[in-house]
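Inside the fold
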Amino acid sequence: SIPFQVTVRRALMPIPTVTVAAKPLTVFRASSILTLGATAKLASCFEGSQILIDFSWSNTIATRKNGSAAPLAVLDSVSRSQPALRISGTTLQSAVTYTIVVRGCMREQPLVCGQATRSVELEDEPLRAEIAGGSRDVGEDDSLLLDACASRDPDDPDASLSFAWTCSYVLAENRSADLDVLGALCDFPVFSQGCQWSVPEGSLRLRYFYTFSIDVTKADGETASASVGVSVKAGALPTVSISSLAQPKQNPTDRLRLSGQAALPNSTASIENVSNLFAFTWSIDDDTIDLSSPATTTTGNTRSNLVVKAGRLQPGASYYLTFCASYRERVACSTINVIMNTKPYGGTCTLTYDVPVVALSTKVILSAPQWQDEDQPLYYAYSYVDASLLSDANTTLIDLEEASTPLASRSMDKTYTWETPQRGDWHVLCIIYDAYGAKTVLTTPLSVEAGDDVLQQRDQLNNIFETAGAEGNNDKLANVISSVATELNIKAEERRRRRRLSDSDAVPNDPCGVTDEETKASGELRSSMIGYVSNAQSAQSVNPESIKASVSAMGSIISEPCEVSAGSQDQTLAVFESLLGKSSEAGLESGTSSALINGLGSLLEANDNEAQRGEQVLGDAEASAGFQDGAQSSSGEADTSSGEVYIGSGSEAGSSSEAGSGSEASSGGELSSSSGLSSGSGSMIGETGSGAVSGDTDYVVITASPASTLGRRMQLATSDESGGVSTALPPQTPPSASPTPSPPILQPQSPLAVPLPHITPGPAEPPCEPPRPPAVSPPPMPPLPPSRPKTAREAALEEVSSRTEKIRAATDNAIRLIIRDTSPGEAAQTFGDKKLTIALQVLDSPADLEGFEFQGGAPSGSAASSFS
């Protein structure tokens, strides 16, 4: 092994102990992002105090392999002041070692700091030669463009490259799938020494198979080669190609996404303009894999893109996938070679703890030693799931990942200590990743017994919250909050059961019933935890596992909406907005979408409770005090005459809260009180939309069909107490309600939509109406009466309406984020399981959805009172 020098310095006073979960020297790929995670532990004399730690990262030294100095790296402007630093390989130079220093300083004593040092450098990756589009068919009358401009040295993108093309051909019946049959040299000249070669029309001979090769060379002599095969058929063919894959090896535990392109012969028209003219098919060279089966793909094999489900392709295997486009019985195909990655191997997953394991008190040490893989560095992550999931033989790895709650974000640290385990029977997941993301998952059972009443441990828990927040340890903070929230939720359910046995505790018109001292204390602890998570957002890393952990923790806190105050709702919404912003950069970890929708659903329910309190409880109080309030909100916020609350107006939400039409020509709505079914329709530029709501099932169907595309369908549903929801696609009426025919809606026509007949003007006719009397000036308007101050009820409802609009916007952003990470043509996916469920199917390109709004509404009091 290579010796490594370590320096230890003694400070004059107790300083934070700063550690970085990484080897002394970390080597990573230029196309990846390295995350260095730091933790700071306060000296024992400061633990539990209000001291905060501020982190700062810097690059102090950059040294080339020959010993000379290199320019320092420009570190990420956001994460360099957070516990986890993100380093993009594209910001570093090849053959340079960078020394990275992290300092953790007490905010009140900025000179009292601890620090740690690590070194990083780029892996020396081989030069890559690549010809875009793969092997393909062309017509004898077609020209051919060969493009190798994507060839590159990953760790030296600015390297000067030279290109040399060659061409050979054989009779098609003598062709080799591996392009290894040496044929005669092509009898037409090479017209390019650059990265592109345009072969003119008529140069290729019918029934021959051509092999085009490129040799790419760097100035230092490093060389790489690539080849594609071209089959020549009679006439003209569609131009067909497959987009190149981002990395050389694909992970069998991830979905494989391929995108094909087709254009008319000798045309620049894109697939979006002519896709309806083509018939597409995908095939694979393995007869045991059926690409048309929903068990194998989410798109089928007759679209321009293909998504193969995780786990359907074998690790280490090599596949040839072919994309064909047919136009007027003329078929052209393109083929791509897909190499599957192998996952880490050879290690174990161990849990070390004292028996029995008691919730919130017994420490559990998780470790994953001795793992190997050729693609370094390795990363480790830990999570846990309900043990009952593994008792089901049909449970898949995807199911486990969806349902899991993260413990430790992905890092290079093999060991993690779960200091506050959650009550229940669990399986702990140890997840080991290689540099390309291939992963191995091992599970180990763990049973955790109930501990002391959390409400009796508030002081101790607040110390843990403060310490985790001060040290910037968001994983630890999320873990302890999830465990505490679970205990509070169990207690809330016990109180609910006791309350059902006694009607004497019921509070008239209050949706949450009685509020006893224990409920108040629970609500105060929830508010405290929400505050800690809110304060920690400045240190929240852009890490998918860490984001999911925080989302799950917030969801656990607010899963009892009656114990979440209005102020806590506002803080929770701000946290969700912050996490959504970070998710837009980091991407969505499996299960984060459902956790987000669940959390926003709980927030909607808590806000609905506030609306009912403001409408009923405060209204009763004002009535008894002699207030007279017959006003009705003009924006659709409340109908005070009926005691029902409709959040959102007809002109905005696409459906109005009363029978009739909205204030704008683009929206209208009807309300049927006899059937309990309300429906509305709205239209936007290039789009028509419709919605249906069942008052019995709280079921919302939302359909958006842009005129120029096949359409998209999305459903929203809210569950009853049994948790049942309806998510089948694509019904247009609630499954529990019989279809009710609606009268036709006449849409206004554009003035240019129908040509007007030509009319020859005749002689002018005399006016048919008698002369009008002279106009009389109206009397002056009396002065407006002075406006009265808002009542408590009006102020409360105004606050509820404002919050609902923000929740709608956050949910809209969450859906757009889900759509962004959804491949075109994928089958229905469901997100969320309580209070608010979204079943989404994207039939066209997600990019087409930018700027579109999905609109609908639900009956008052439901968790989906309004949605945009």
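Preceding this section is the structure that the text describes.
The following paragraphs examine the structure supplied in this document. Predicted, not measured: the structure shown is a model, and the values here were computed from it. (Residues numbered from 1 in each chain as written. Predicted model: local features only at pLDDT ≥ 70, side-chain atom pairs only at ≥ 80, totals over all residues. Heavy atoms only, no water.)

**Some details on the nonpolar core**
Selection criterion: Buried Ala, Val, Leu, Ile, Met, Phe, Trp, Tyr and Cys residues that are joined via side-chain atoms within 4.5 Å together make up what is termed a nonpolar core. Note on exposure labels: buried denotes an accessible area under 20% of the residue type's maximum, exposed denotes more than 50%, and partly exposed covers the range between, all computed with a 1.4 Å probe on protein chains only. For helices the rule is a DSSP run of H or I covering at least 4 residues; for strands it is a run of E covering at least 2, with both sets numbered from the N terminus onward. Here a residue-residue contact requires only that any non-hydrogen atoms of the pair lie within 4.5 Å.
Phe465, Ile481, Val484, Met529, Ile557 and Phe576 are the most contacted members of the largest nonpolar core, which totals 51 residues. Residue assignment for this core shows that the elements contributing at least two residues are α3 (458-470), α4 (474-500), α5 (517-535), α6 (544-557), α7 (566-586), α8 (592-624), α10 (792-820) and β35 (837-841). If we skip the residues at most four places from it in the chain, Val484 touches Leu360, Leu461, Phe465, Leu525 and Met529. Residues Ala22, Val96, Tyr379 and Ala470 belong to the second largest nonpolar core, which totals 41 residues.

**Considering the packing of aromatic side chains**
Put simply, the rule reads: Ring pairs shown here join Phe, Tyr and Trp side chains whose ring centres sit within 6.5 Å, with only the six-membered ring taken for Trp; geometry is labelled stacked below 30 degrees between planes, edge-to-face above 60, and tilted in between. Sitting over a ring, as applied to charges here, requires NZ of Lys or CZ of Arg to be within 6 Å of the ring centre and within 35 degrees of the ring normal.
Here the structure, examined in full by the defined rule, presents twelve aromatic pairs. Here the aromatic rings of Trp282 and Phe323 are separated by 4.9 Å at their centres, their planes lie at 35°, and the arrangement is tilted. Within this pair, whereas Trp282 is found in strand β17 (residues 279-284), its partner Phe323 is found in strand β19 (residues 318-327), the two being separated by 41 residues in sequence. On the accessibility criterion, Trp282 (3% relative accessible area) is buried. Here Tyr384 and Trp426 contribute two aromatic rings whose centre-to-centre distance is 5.1 Å and whose plane-to-plane angle is 80°, an arrangement assigned as edge-to-face. With a gap of 42 residues between them, Tyr384 in strand β23 (residues 379-386) and Trp426 in strand β26 (residues 424-433) connect regions that are remote in the sequence. A relative accessible area of 5% means that Tyr384 is categorised as buried. Aromatic ring contacts, followed pair by pair, group Trp165, Tyr169, Trp197, Tyr208, Tyr210 and Phe212 into a single cluster. If you follow Arg29 out to its NZ or CZ, it ends over the ring of Tyr436, 4.0 Å from the centre. Sitting above the plane of the Tyr433 ring, Arg410 keeps its charged end 3.7 Å from the centroid.

**Focus: the sheet that holds strand β27 (residues 439-448)**
What counts is decided by this rule: By the convention used here, strands pair only if DSSP detects at least 2 bridges between them. Angles shown run from 0 to 180 degrees and are taken between the N-to-C directions of axes, each axis being a line fitted to C-alpha atoms and, for helices, limited to the stretch in contact.
Taken in spatial order, the four strands line up as β24-β23-β26-β27 in an open sheet, and their pairing is antiparallel. Each having just a single partner strand, β24 (405-411) and β27 make up the two edges of the open sheet. Here the average twist between neighbouring strands, direction ignored, is 15°. Against the sheet, α4 contacts β23 and β24, and its axis sits at roughly 170° relative to β24. Against the sheet, α6 contacts β24 and β26, and its axis sits at roughly 160° relative to β24.

**Side note on the pairing of strand β16 (residues 256-263)**
Each regular strand shows side chains that alternate between the opposite faces of the sheet. Here four bridges tie strand β15 (residues 239-242) to β16, and the two strands are oriented antiparallel to one another. The residue bridging Ser241 from the neighbouring strand is Gln261, located in β16. With four bridges connecting them, β16 and strand β18 (residues 305-308) associate as antiparallel partners. When the sheet's bridge partners are listed, Leu256 is paired in β18 with Val308.

**Regarding the packing of α3 against α5**
Basically, it comes down to this: Angles below 35 degrees are treated as roughly parallel, those above 145 as roughly antiparallel, those between 65 and 115 as roughly perpendicular, and all remaining angles as oblique. Only Asp, Glu, Lys and Arg are considered charged, only Ala, Val, Leu, Ile, Met, Phe, Trp, Tyr, Cys and Pro nonpolar, and every remaining residue, Gly among them, polar.
Where α3 contacts α5, the two axes come as close as 10 Å, and the packing angle between them is 10°. Put simply, α3 runs roughly parallel to α5. Contacts between α3 and α5 involve Arg458, Asn462, Phe465 and Glu466 from the former and Ala521, Glu524, Leu525, Ser528, Met529 and Tyr532 from the latter. Considering only residue class, the contact of α3 with α5 consists of five nonpolar, two polar and three charged.

**As for the packing of α4 against α6**
Note the cut-off: A crossing counts as left-handed when the near helix is turned anticlockwise from the far one by less than a right angle, and as right-handed when that turn is clockwise.
Across the interface, α4 lies against α6 with an axial gap of 8 Å and an inter-helix angle of 25°. In terms of axis orientation, α4 runs roughly parallel to α6. The handedness of the crossing between α4 and α6 comes out as left-handed. Of the residues in α6, those in contact with Asn474, Asp475, Ala478, Ile481, Ser482, Ala485 and Asn489 of α4 are Ser546, Ala549, Ser550, Ser552, Ala553, Ser556 and Ile557. Here the contact of α4 with α6 is composed, by residue class, of six nonpolar, seven polar and one charged.

**Comments concerning a nonpolar patch on the surface**
As a reminder of what qualifies: Nonpolar side chains (Val, Leu, Ile, Met, Phe, Trp, Tyr) are joined into patches within 5 Å and like charges within 9 Å, using only residues with over 30% relative accessible area and no salt bridge. All accessible-area figures derive from a Shrake-Rupley calculation using a 1.4 Å probe, and residue coverage is judged against the displayed protein chains alone. Just to be clear on terms, a salt bridge is a Lys or Arg side-chain nitrogen sitting within 4 Å of an Asp or Glu carboxyl oxygen.
A cluster of nonpolar side chains, namely Phe4, Val6 and Val8, defines an oily patch on the protein surface of about 380 Å² accessible area. Within the secondary structure, Val6 is located in the segment before β1 (17-20).

**Brief notes about the state of the cysteines**
In protein structure, a disulfide is the covalent linkage between the sulfur atoms of two cysteines. So the rule is basically this: Note on disulfides: each one is a pair of cysteine sulfur atoms within 2.5 Å.
Taken as a whole, this structure holds five disulfides when the rule is applied. Here Cys105 connects covalently by a disulfide to Cys113, the sulfurs 2.0 Å from one another. A torsion of 110° about the S-S bond marks the disulfide between Cys105 and Cys113 as right-handed. For the pair formed by Cys105 and Cys113, the shared burial category is buried. What pairs with Cys149 in a disulfide is Cys195, and their sulfur atoms sit 2.0 Å apart. Since a negative S-S torsion denotes a left-handed disulfide, the Cys149-Cys195 link at about 70° is right-handed.

What is shown is where atoms sit, not what they do.
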